[in-house]
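# An overview of the molecular structure
Now for the letters of each chain:
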Amino acid sequence: MLVINLTFDFLPGGMERWIVEFSKALKRRGIDNYIVTPQKFNDFLFSTKDVDFVFVDSVATDNGFLNLFPYSFEASKKCLELIGNEKDVVLVVHKFKDLPAACLVKKMTRVKIAYVLHNPPFGWLVSPEGYRSYRIDFSKYVAEYNLWKKFINYVDYFFSNSKWIASLYRRFENLHVVPLYAGSDHIERIMLNNARGKKSVLSFNSSFILSVGSFEPRKRFDLLLKALSELENQEYRCFIVGGRKDPTPYVELSKKLGLRSKVKFFSKIDESTLFNLYSNCYFYVHPANHEHLGIAVLEAMASKAPVIVQNNGGVIELMKHEYNGFHFREDDVRELAKYMDLLFEDRKLREKMAFHSRKLAGKFKWDYVAKTFLETIYKQDVKKKSFNHVL
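Numbers given to residues run from 1 along each chain, matching the order in which its sequence is written. Given that the model is predicted, a residue must reach a pLDDT of at least 70 before its local features are reported, and side-chain atom pairs must reach 80 or more before they are shown or counted; all residues, however, enter totals for whole chains, interfaces and linings. The side-chain values count all of the structure's non-hydrogen atoms but skip hydrogen atoms and water molecules.

Strands here mean DSSP runs of E at least two residues long; helices mean DSSP runs of H or I at least four residues long; both are numbered from the N terminus. When its secondary structure is counted, the chain shows 15 helices and 13 strands. Each residue is assigned to one of three classes by its accessible area relative to the maximum for its type, calculated with a 1.4 Å probe on protein chains only: buried under 20%, partly exposed between the two thresholds, exposed over 50%. Taking all 391 residues of the chain together, 57% fall into the buried category. Throughout, a contact is declared for two residues whenever any of their heavy atoms are within 4.5 Å. Long-range contacts, defined as pairs at least 24 residues apart, comprise 70% of the intrachain contacts of the chain with a sequence gap of at least 6.

If you want it as structure tokens, here you go:
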């Protein structure tokens, strides 16, 4: 079997981490696979060793939707070159903008299309709940949604990264979606490589809180900053690692709240430093509202960090309240501050939750993600004799 992952743009983030580790897991199971993407690696922060990339470098992606069809044409040509005479081929799309390219290829070959749904459906995004989470008026994207509806008729299998996302697509689009989750075992391999290589450039002379995510409204770093200003324990530092977006609004808010000396923002850090932060933090806070899954939470758990998350979205499928951390009520600054104070004050609780975090994270394996993906395809197609590959 040949698996081709299509991704319109490839910037550092949870989805890209998912695609890379998924590709590696398929390769470990003997499945040939590629990632087809525009060549845009200037800000790439994590290891892509053992992953085969094919670059669509003749098409810029900066103008987004305007370049959708030129990209689709070029990407489809790359896919056709890779397919050659291969019979058992699955094109995996992760973003709406990759569907046209996949559909073009399907029109000309016998490939199957698998769609991994990382984001919530349009019906939820335009709901009050969706607006509270994203702070974006998605109703202006009705044309794109109608186009998406046409393209998904060509999709053979639907997957998601969490049960929550799967349930939303059943509710709003009546789609049968298989949750794949994510793995945490890449952490151990990265930690081992870091131990052999360069060390973190940061020193850890005081207790610190860690939070990781892009600097966009949905990640709700404003909640974290407001909660920090209400902590009883003021002997702390907080490191917020972001990317993609401009951190200036949060920097200004931290100044307004009198936190500038306590909070440090990072737009870019290398992988070695990031995982040293995970390993050395007192605890990890993920304040995002309705997080789709939260690979950063899994990475923190695998690094033996207690975690605090909002009580919504897919992230609550990864951890257990009062076992390896806490869920705080939606947008509740005071409850978030309460749980942070509790972890600061109680060393034994912190150590117990750290142990439980590592234990829970160990249940999430990339091999399971690849196995579920392949078994779903095999079970649906073996009766039709559509695929020759035997698992």
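Below, the discussion takes up the sheet that holds strand S12 (residues 307-310). Being paired, for any two strands, means DSSP has found at least two bridges between them. Read across the open sheet, the 6 strands follow the order S10-S9-S8-S11-S12-S13; overall the sheet is parallel. Each edge of the sheet is formed by a strand with only one pairing partner; in this case those strands are strand S10 (263-266) and strand S13 (325-328). Adjacent strand axes in the sheet meet at a mean angle of 20 degrees, parallel and antiparallel pairs treated alike. Relative to strand S11 (residues 283-286), strand S8 (residues 208-212) runs parallel, the two sharing 2 bridges. Among the inter-strand pairings, leucine 210 is bridged to a residue of S11, identified as tyrosine 284. Across the sheet, helix H9 (residues 221-228) lies against S8, strand S9 (237-241), S10, S11, S12 and S13, angled at about 175 degrees from S9, the strand it touches most. With axes taken as lines fitted to C-alpha atoms, and helix axes fitted only over the stretch in contact, angles between N-to-C directions fall between 0 and 180 degrees.

To continue, consider helix H2 (residues 68-83). For H2, which comprises 16 residues, the first-to-last C-alpha distance of 22 Å matches the rise-based estimate of 22 Å (1.5 Å per residue) to within 8%. Taken together, the buried positions of H2 are Leu68, Tyr71, Ser72, Ala75, Ser76, Cys79 and Ile83. Down the axis of H2, the sector holding all buried residues measures 130 degrees, keeping them to one side. Elements in contact with the buried residues of H2: strand S1 (2-6), strand S2 (32-37), strand S4 (89-93) and helix H3 (99-108). Backbone geometry just after H2 places glycine 84 at a positive phi near 50 degrees. Residue count minus one, scaled by 1.5 Å, sets the expected span of a helix. Directions from the helix axis toward the C-beta atoms define the arc.

For the purposes of this section, nonpolar cores are sets of buried Ala, Val, Leu, Ile, Met, Phe, Trp, Tyr and Cys residues that join through side-chain atoms within 4.5 Å. One finds Trp18, Phe159, Leu210, Tyr278, Tyr284 and Phe373 to be the most contacted residues of the largest nonpolar core, which totals 62 residues. Leave out the neighbours within four places in its chain, and leucine 210 touches Phe239, Val241, Leu277, Tyr278, Cys281, Phe283, Tyr284 and Val285. In this structure, Val89, Val105, Phe122 and Val177 belong to the second largest nonpolar core, which totals 42 residues.

The subject of this paragraph is the packing of aromatic side chains. Pairing of aromatic side chains here covers Phe, Tyr and the six-membered ring of Trp, requires ring centres within 6.5 Å, and sorts the geometry by plane angle: under 30 degrees stacked, over 60 edge-to-face, intermediate tilted. With the rule as written, the count across this model stands at 27 aromatic pairs. On the numbers, 4.4 Å between centres and 15 degrees between planes, the contact of phenylalanine 122 with tyrosine 145 is stacked. Here tyrosine 145 lies in helix H6 (residues 142-151) and phenylalanine 122 lies in helix H4 (residues 122-125), a separation of 23 residues in the sequence. Note on accessibility: phenylalanine 122 and tyrosine 145 belong to one class, buried. The interplanar angle of 90 degrees and the centroid separation of 5.4 Å between the aromatic rings of tryptophan 124 and tryptophan 164 together place this pair among those described as edge-to-face. Highlighted residues: tryptophan 124 in helix H4 and tryptophan 164 in helix H7 (residues 163-173), separated in sequence by 40 residues. The same class applies to tryptophan 124 and to tryptophan 164, which are both buried. Members of the aromatic cluster, connected to one another through ring pairs, are Trp18, Phe22, Phe159, Trp366 and Phe373. Here, a charge over a ring is recorded when the distance from Lys NZ or Arg CZ to the ring centre is within 6 Å and its angle to the ring normal is within 35 degrees. A cation over a ring is seen here: arginine 218 above tyrosine 134, with NZ or CZ 5.1 Å from the ring centre. Lying over the aromatic face of tyrosine 282, arginine 350 brings its terminal NZ or CZ to 4.0 Å of the ring centre.

Take the sheet that holds strand S7 (residues 178-179) next. Reading across the sheet, the 7 strands line up as S3-S2-S1-S4-S5-S6-S7 and stay open at both edges, with parallel pairing between neighbours. Edge positions in the open sheet fall to strand S3 (53-55) and S7, since each of these has one partner strand only.

We now examine the pattern of salt bridges. Here, a salt bridge means any side-chain nitrogen of Lys or Arg that lies within 4 Å of a carboxyl oxygen of Asp or Glu. Inspection of every chain in the model, using the stated rule, returns 20 salt bridges. The partner of glutamate 21 in a salt bridge is arginine 17, with the nearest N and O atoms 3.7 Å apart. You can see glutamate 21 and its partner arginine 17 sitting in helix H1 (residues 14-28), 4 residues apart, about one turn around the helix. The pair formed by glutamate 21 and arginine 17 is uniform in burial state, with each residue classed as buried. A salt bridge links lysine 371 to glutamate 375; the shortest N-O distance between them is 2.9 Å. Of this pair, lysine 371 and glutamate 375 both sit in helix H15 (residues 366-381), 4 residues apart, roughly one helical turn. According to the relative accessible area criterion, lysine 371 is partly exposed, its value standing at 34%. On the basis of relative accessible area, glutamate 375 is assigned to the partly exposed category, the value being 27%. Here the salt bridges do not stand alone but share partners, grouping Arg17, Glu21, Lys24, Glu271 and Glu299 into one network.

The next point concerns the confidence of the model for the chain. Along the chain, pLDDT gives the predictor's confidence residue by residue, from 0 to 100. With 88% of its residues at a pLDDT of 70 or more, the chain shows a mean pLDDT of 87. Taken as a whole, residues 386-391 scores under 50 in pLDDT and shows 20 contacts with residues more than four places along the chain or in a different chain.

At their nearest, the axes of H9 and helix H13 (residues 333-345) sit 8 Å apart, and the two run at 60 degrees to each other. Here H9 is positioned oblique relative to H13, judged by the angle of their axes. In the crossing of H9 with H13, the sense of the turn from one axis to the other is right-handed. Where H9 abuts H13, its residues Leu223, Leu224, Lys226, Ala227 and Leu228 lie against Val333, Leu336, Ala337 and Met340. When the residues that make up the contact of H9 with H13 are grouped by side-chain class, the tally is 8 nonpolar, no polar and 1 charged. Orientation is classified from the angle alone, with under 35 degrees giving roughly parallel, over 145 giving roughly antiparallel, 65 to 115 giving roughly perpendicular, and any other angle giving oblique. Note on convention: the crossing is left-handed when the near helix lies turned anticlockwise from the far helix by less than a right angle, right-handed when the turn is clockwise. Charged means Asp, Glu, Lys or Arg here, nonpolar means Ala, Val, Leu, Ile, Met, Phe, Trp, Tyr, Cys or Pro, and polar covers whatever is left, Gly included.

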